[in-house]
Amino acid sequence: MSRGPADLAGRTAVVTGAGRGIGRALALRLAAEGMRVAVNDVDAAAAAEVAGLVDGPAIAVDLGTPDGPATLVERAWAALDGIDVFCGNAGIGGGGGAEAGDDVWARVLDVNLLAHVRAARSLVPRWLERGGGHYVLTASAAGLLTMIGNAPYSVSKHAAVSFAEWLDIEYGDRGISAQAVCPQGVDTAMLRASGPVEALLSKDTAVAPEQVAEAVVADLRTGRFLTLPHPEVAGYYRARATDTDMWLRGMRRLRAATFGPA
């Protein structure tokens, strides 16, 4: 799928983590564009419910396992007769810092990072053979900035953004493009379960999942790499790069205001 304005009607898409939240909104939005959508979620009932709404196949696979992403790609490719757009949207929160157990770090990295690597490992050869494809990776503003109070999530999202950049650099001249979606606060169950950080993430107003889906489709049409449902994140990102020390001091103040003195 080449860059630039695209007619999405008749194309095919996979949306992971589509049983609720951003994934559900994205599956519905792509279907409204006339795309044929395969719905993935670890929750089989949730996947089936959304698949019924978009008239597409439901594929209940755990993407946090070594074989899950390849299984999803194989089954979706067969069901849709090819995949034009793969929306890697599934993600988990984790929690804690360096003291979090290896099991927490491993699970978060499996779902938030390695699921994308493993999916791309299956998709890229197929896309090169058929002439292209587009990978939409739902990361987070935490992947451009940093999530205070949650090291596994923040680290995994930084790595996910980097992987999307790598995909686009490595294969962008061969028909494969990538798109990193980096929202800040989104009105989902994950936000509501984020504890003291919820107020901070909602500072610039939490957006609805449908607004994220709308931004994704708009940038899918134009070929823009970085999708920012909260435009103000671009300013924070610039400030971080322009004067990192000042930005870190500000983040330490935010951490103290949110959690109390260290």
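As the structure is a prediction and not an experimental result, all values here were calculated from the model. (Residues numbered from 1 in each chain as written. Predicted model: local features only at pLDDT ≥ 70, side-chain atom pairs only at ≥ 80, totals over all residues. Heavy atoms only, no water.)

K.L.:
Can you walk me through the overall build of the chain in this structure?
P.N.:
Counting secondary structure elements, the chain contains 10 helices and seven strands. Relative to the 2.2 N^0.38 estimate, which gives 18 Å for 262 residues, the radius of gyration of the chain is 18 Å and therefore close to what a compact globule would have. With the C-alpha coordinates of the chain rotated into their principal frame, the extents come out at 55 × 35 × 30 Å. Out of the 262 residues in the chain, the part that is buried amounts to 50%. Here the contacts in the chain between residues at least 6 apart in sequence split such that 64% fall between residues at least 24 apart. Counting every atom, the chain has about 11600 Å² of accessible surface; 54% of that belongs to carbon and sulfur. Separation between the mean location of the 24 positive side-chain charges and that of the 29 negative ones in the chain comes to 4 Å. (Helix = DSSP H or I, 4+ residues; strand = E, 2+ residues; numbered from the N terminus. Rg over C-alpha atoms; globule rule 2.2 N^0.38 Å. Buried < 20%, exposed > 50% of the residue type's maximum accessible area, 1.4 Å probe, protein only. Contact = heavy atoms within 4.5 Å. Areas by Shrake-Rupley, 256 points an atom, 1.4 Å probe, with all protein chains shown as cover. Lys, Arg positive; Asp, Glu negative; His and termini not counted. Charge placed at Lys NZ, Arg CZ, Asp CG, Glu CD.)

K.L.:
Would you take a moment to explain the sheet that holds strand S2 (residues 36-40) for this structure?
P.N.:
Each strand in a sheet pairs with another by means of backbone hydrogen bonds, the pair being arranged parallel or else antiparallel. Taken together, seven strands build an open sheet; the order of strands is S3-S2-S1-S4-S5-S6-S7 and the sheet is parallel. Two strands in the sheet have a free side with no partner beyond their single neighbour: strand S3 (58-59) and strand S7 (226-227). Relative to strand S4 (residues 85-88), strand S1 (residues 12-15) runs parallel, the two sharing three bridges. In the strand pairing of S4, Val15 is matched with Cys87. (Pairing = 2+ DSSP bridges.)

K.L.:
Whenever I open this one, the packing of helix H4 (residues 102-130) against helix H5 (residues 151-171) confuses me. Can you help?
P.N.:
The packing of two helices is summarised by the inter-axis angle and the distance between the axes. Their axes nearest at 8 Å, the elements H4 and H5 cross at an angle of 15 degrees. As summarised for this structure, H4 and H5 are arranged roughly parallel, according to the angle between their axes. The interaxial crossing formed by H4 with H5 has right-handed handedness. Contact residues: Val104, Trp105, Val108, Leu109, Asn112, Leu113, His116, Val117, Ala120, Val124 and Leu128 in H4; Ala151, Pro152, Tyr153, Val155, Ser156, Lys157, Ala159, Ala160, Phe163, Leu167 and Tyr171 in H5. (Axes fitted to C-alpha atoms, helices over the stretch in contact; angles between N-to-C directions. Parallel < 35°, antiparallel > 145°, perpendicular 65-115°, else oblique. Left-handed = near helix turned anticlockwise from the far one by under 90°.)

K.L.:
Looking at this model, I keep getting lost on the pairing of S4. Mind explaining?
P.N.:
Moving residue by residue along a regular strand, the side chains alternate between the two faces of the sheet. Residues Val85 and Cys87 line one face of S4 and the alternating positions Phe86 and Gly88 line the opposite face, and both faces are buried. Of the pairings in the sheet, the one linking S4 to strand S5 (residues 133-138) comprises four bridges and is parallel in character. Looking across to S5, one finds that Gly88 is bridged to Leu137.

K.L.:
So what exactly am I meant to see when it comes to the packing of helix H3 (residues 68-80) against H4 here?
P.N.:
Interhelical geometry of H3 versus H4 gives an angle of 35 degrees and a closest axis separation of 7 Å. In contact with Pro69, Ala70, Val73, Glu74 and Trp77 of H3, H4 contributes Ala115, Arg118, Ala119, Ser122, Leu123, Arg126, Trp127 and Arg130.

K.L.:
It is not clear to me how the packing of aromatic side chains should be interpreted in this structure. Could you clarify?
P.N.:
Aromatic rings considered in pairs are described by the distance between their centres and by the relative angle of their planes. One pass over the full model with this rule turns up three aromatic pairs. Pairing Phe163 with Trp166 gives two aromatic rings, centres 5.9 Å apart and planes at 15 degrees, and the pair type is stacked. Taken together, the positions of Phe163 and Trp166, both in helix H5 and three residues apart, correspond to about one turn of that helix. Taking relative accessible area as the criterion, Trp166 reaches 40% and is therefore assigned partly exposed. Considering the side-chain rings of Trp166 and Tyr171, the 5.9 Å spacing of their centres and the 85 degrees angle between planes classify their relative orientation as edge-to-face. Note on Tyr171: relative accessible area 15%, which makes it buried. (Phe/Tyr/Trp six-rings, centres within 6.5 Å; stacked < 30°, edge-to-face > 60°.)

K.L.:
When you look at the nonpolar core in this model, what are you seeing that I'm missing?
P.N.:
When a protein is soluble and globular, its nonpolar side chains tend to lie buried together. Residues Ile83, Phe86 and Leu123 are the most contacted members of the largest nonpolar core, which totals 42 residues. Here the element with the most residues in this core is H4; it accounts for seven residues. Grouped together as the second largest cluster of nonpolar side chains are 27 residues, Leu8, Ala25, Leu26 and Met35 included. (Core = buried A, V, L, I, M, F, W, Y, C linked by side-chain atoms within 4.5 Å.)

K.L.:
Just to check I follow, could you spell out the side chain of Lys157 for this structure?
P.N.:
The topology assignment puts Lys157 in helix H5. One buried charge, Lys157, has no salt-bridge partner; the nearest side chain with opposite charge is Asp41, at 13 Å. At 3.4 Å, the side chain of Lys157 and the backbone oxygen of Thr138 are in polar contact. (Salt bridge = Lys/Arg side-chain N within 4 Å of Asp/Glu carboxyl O. Polar contact = N/O pair within 3.5 Å; in protein donor to acceptor, adjacent residues only side chain to side chain.)

K.L.:
Even after reading the chapter, I still don't get the environment of Pro209, so can you show me in this structure?
P.N.:
Considering the arrangement of structural elements, one finds Pro209 in helix H8 (residues 209-222). Residue classification places Pro209 among the buried residues on the basis of a relative accessible area of 10%. Spatially, the C-alpha atom of Pro209 lies 22 Å from that of Val108, the residues being 101 residues apart in sequence.

K.L.:
Before we go on, may I ask you to explain the pattern of salt bridges in this structure?
P.N.:
Side chains bearing opposite charge may pair, as long as their charged atoms lie close to each other. Evaluation of the coordinates by the stated rule reveals nine salt bridges. With a closest N to O distance of 2.6 Å, Glu33 and Arg29 form a salt bridge. A relative accessible area of 17% places Glu33 in the buried class. Here Arg107 makes a salt bridge to Asp62, at a shortest N to O gap of 3.3 Å. Of this pair, Arg107 sits in helix H4 while Asp62 sits in the loop between S3 and H3, and the two are 45 residues apart along the sequence. We classify Arg107 as partly exposed; its relative accessible area is 33%. Overlapping salt bridges, with partners in common, bring together Arg29, Glu33, Glu214 and Arg221 in one network.

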